[in-house]
Amino acid sequence: MTKVLTLGSLNMDMVMTTKQMPTVGETILGETIDYFLGGKGANQAVAASRIGVPTKLIGKIGMDTFGEKIKQHLGNETIDLAGVICDDTVFTGVASIFKLPQDNAIVVLPGANSLLTAQELSAKDFQEGVLLTQLEIPIETVLQGLQLAKKNQMQTILNPAPYHRSVPTLLPWVDIITPNETEFADMVGKKIQTASELETEMLNWVREHQTQLIVTRGAEGVSYVEKHQLITVRAPKATVVDTTGAGDTFNGVLAAKLAQGMAFAEAVEWATTGASLAVEKLGAQTGMPSDTQIREKMKEK
Ligand code: RIB
């Protein structure tokens, strides 16, 4: 029986390494190009399945070369792919990822992801365990998924990425929301520049909402609120090669550990450690760790 159900996007990531971004009207020479599997839905499913938890992915790809490759590669993971629909009217989602020395810039062409409709979701998939979803598929589909999950008391995690103005309307069906700092700033409609501003905004947000909030903060780790206090789980030191998919690893491991019945605080520690391991390899899914790798890394703390 599925324990983590991931509802979301599948993309082919084209990763171009370049020293700088061109400005409008400019042509520059980059360094390398690599093709990796990506998409927040697929990435989070891979992260959860590597923990060893039965995981199912629901999403849509096109009937093209990228769609074929995605199915082939995901077939090597332990993920139930029966919910991945192939549509011959549209292209598979593509992400152009510019890997810059300081961070990444990503442009996503959603393609098939944008055609996954609420009507295509089947209630029988939303029976038990944890639903993990993000916002690279239509918001109505996300809403339907959350509502179906809540009908059967599934635990629900929303990774509000990329941010969408309808996020507040989803919250009644969301148990845990996991924005990064930029998405959290969007959620509160303010610029957040310092750690103390972040703390104030998080405490205010939690006071006004029932949903558990976790803000992922890159190298700083993650923060959440417990008993009116901000708790920050520091990220272990990592040799950063590529940050793409770090947030997805966090979400996938968190969902898997909660599905296994782990307590919230411990699951957050595992997920933070998992994300720090994932950044040590190029490609969103390449460095996603196994349960054993995370356990070993946690012993070093
Ligand atoms: O979160 C990283 C992912 O965002 C990439 O794999 C890319 O496909 C985009 O969806």
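Rules used throughout
- Residues numbered from 1 in each chain as written.
- Predicted model: local features only at pLDDT ≥ 70, side-chain atom pairs only at ≥ 80, totals over all residues.
- Heavy atoms only, no water.
- Near = heavy atom within 4 Å.
- Polar contact = N/O pair within 3.5 Å; in protein donor to acceptor, adjacent residues only side chain to side chain.
- Areas by Shrake-Rupley, 256 points an atom, 1.4 Å probe, with all protein chains shown as cover.
- Helix = DSSP H or I, 4+ residues; strand = E, 2+ residues; numbered from the N terminus.
- Buried < 20%, exposed > 50% of the residue type's maximum accessible area, 1.4 Å probe, protein only.
- Contact = heavy atoms within 4.5 Å.
- Pairing = 2+ DSSP bridges.
- Axes fitted to C-alpha atoms, helices over the stretch in contact; angles between N-to-C directions.

**Q** Just to check I follow, could you spell out the site of the ligand for this structure?
**A** Looking at the ligand, there are 13 residues lining it, with Asp13, Gly39, Lys40, Glu136 and Asp248 nearest. Taking Lys40, its side chain carries an N or O atom lying 2.8 Å from an oxygen atom of the ligand. At 2.8 Å, a side-chain N or O of Asp248 approaches an oxygen atom of the ligand. Computed on the free molecule, the ligand has an accessible area of 280 Å², of which 95% lies beneath the protein chains in the complex.

**Q** Is there a simple way to explain unusual backbone geometry in this structure?
**A** Generally, phi is negative for residues other than glycine and the peptide bonds are trans, each holding for most cases. Look at the link from Ala161 to Pro162: it is a cis peptide, with omega at -10 degrees. The residue Pro162 is located in the loop between strand S9 (155-158) and helix H4 (167-170) in this model. A positive phi angle is found at Gln153, which is not glycine, with a value near 55 degrees. The residue Gln153 is located in the loop between helix H3 (139-151) and S9 in this model. Taking the relative accessible area as the measure of exposure, Gln153 reaches 68% and is therefore exposed. For Lys227, which is not glycine, the phi torsion reads 45 degrees and is therefore positive. Topologically, Lys227 is positioned in the loop between strand S12 (222-226) and strand S13 (229-233).

**Q** Could you clarify how one ought to interpret the environment of Ala275 in this entry?
**A** Relative to the helices and strands, Ala275 resides in helix H8 (residues 264-278). Ala275 sits in the buried class, given a relative accessible area of 13%. Not counting residues up to four positions away in its chain, the partners in contact with Ala275 are Ala246, Thr249 and Phe250.

**Q** Looking at this structure, how should I read the sheet that holds strand S3 (residues 32-38)?
**A** Paired through their backbone hydrogen bonds, the strands of a sheet run either parallel or antiparallel. What the four strands build is an open sheet, ordered S3-S2-S6-S7; its pairing is mixed. Edge strands, defined here as strands with exactly one partner in the open sheet, are S3 and strand S7 (104-109). Ignoring which end each strand starts from, the neighbouring axes of this sheet average 20 degrees apart. In the sheet, strand S2 (residues 11-17) pairs with strand S6 (residues 93-99) via seven bridges, with the strands oriented parallel. In the sheet register, Met16 faces S6, and the bridge partner there is Phe98. Along the sheet, helix H2 (residues 65-74) contacts S2, S3 and S6; its crossing angle with S3, the most-contacted strand, is approximately 65 degrees.

So, to be careful, I would describe these as geometric facts and stop short of saying anything about function.
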